[in-house]
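Below, each chain spelled out in residue letters.
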Amino acid sequence: MKKLALSLLALTALSSASAAERFGFYLLGAQYERDTNATDSFRVGLGLPVAGVFEGTGVVGVTGNVGWLRHTRTLNGDGTGVQPYYGAGLGLSTVFASNSQASVGGVVVYPHVLGGANFGLNDRWALFAEASAGVNVYAVGASSSYSSDSTSGVGPGFGLRVGASYRIR
């Protein structure tokens, strides 16, 4: 039984060691991507939190996203070349602002399709550019000492992501 457990542990370590992993930065965020097979990968991103106090007003905001990517080509053996991809994702953004008079908060969910390309520089580094389109489903609420109001709706959404990634393994 002990040998079986050790064998399964070794196989698990070997199978996960063969999957490529990348960590990247894009304008206003960071992401982690892991290959699930030869053509597909799973990505998780976190937008840089926004926080600040400006003349008695506080603001906090954060974004996050998950995505599935299908690569249509592989990079060259030395990691150079162009690797186009397409996929789908789901983004979530939230912001809250308040001062002594009022407060405002909102949430946006962004299901979308995406397309882009990795531009391999060497076996570790790549640049990437990506565009996305989908819908923004939002809910916003505001309140003050005098009244409160809220609204929700759906509208078109577009995104652009440009950055660099580093292949961990």
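It should be emphasised that the depicted structure is a prediction, and the values quoted were computed from it without experimental measurement.

Novice: Outline the packing of aromatic side chains, supporting the account with residue identities and numerical values.
Specialist: Aromatic rings in a pair are described by how distant their centres are and how their planes are angled relative to each other. Taken as a whole, this structure holds three aromatic pairs when the rule is applied. On the basis of an interplanar angle of 80° and a centroid distance of 6.2 Å, the ring pair of W68 and Y86 is categorised as edge-to-face. Remark: Y86 occurs in strand β6 (residues 81-98) and W68 occurs in strand β5 (residues 57-71); sequence separation between them is 18 residues. The exposure class assigned to W68 is partly exposed, which follows from its relative accessible area of 36%. One cation-aromatic arrangement involves R161 over Y26; the distance from NZ or CZ to the ring centre is 4.0 Å.

Novice: An account of the pattern of salt bridges is requested, with residue identities and associated values reported.
Specialist: All told, the structure shown has five salt bridges when counted by the stated rule. Across the pair E33 and R22 runs a salt bridge, and its minimum N-O distance is 3.0 Å. Residue E33 is found in strand β2 (residues 29-35), and its partner R22 is found in strand β1 (residues 21-26); the two are separated by eleven residues along the sequence. A residue is classified by how much of its surface remains accessible, and R22, at 14% relative accessible area, is buried. Across the pair D35 and R22 runs a salt bridge whose closest N-O atoms are separated by 2.7 Å. Taken together, the residues D35 in strand β2 and R22 in strand β1 connect sequence positions 13 residues apart. Residue D35 is classed as buried on the basis of its relative accessible area of 19%. Connected through salt bridges with shared partners, the residues R22, E33 and D35 form a single ionic network.

Novice: Give a detailed account of unusual backbone geometry, specifying residues and quantitative values.
Specialist: Phi is positive for L28, close to 70°, though the residue is something other than glycine. Classification of L28 by relative accessible area gives exposed; the value is 61%.

Conventions we followed
Residues numbered from 1 in each chain as written. Predicted model: local features only at pLDDT ≥ 70, side-chain atom pairs only at ≥ 80, totals over all residues. Heavy atoms only, no water. Phe/Tyr/Trp six-rings, centres within 6.5 Å; stacked < 30°, edge-to-face > 60°. Helix = DSSP H or I, 4+ residues; strand = E, 2+ residues; numbered from the N terminus. Buried < 20%, exposed > 50% of the residue type's maximum accessible area, 1.4 Å probe, protein only. Lys NZ or Arg CZ within 6 Å of the ring centre and 35° of its normal. Salt bridge = Lys/Arg side-chain N within 4 Å of Asp/Glu carboxyl O.

In short, shape yes, function no, at least from these values alone.
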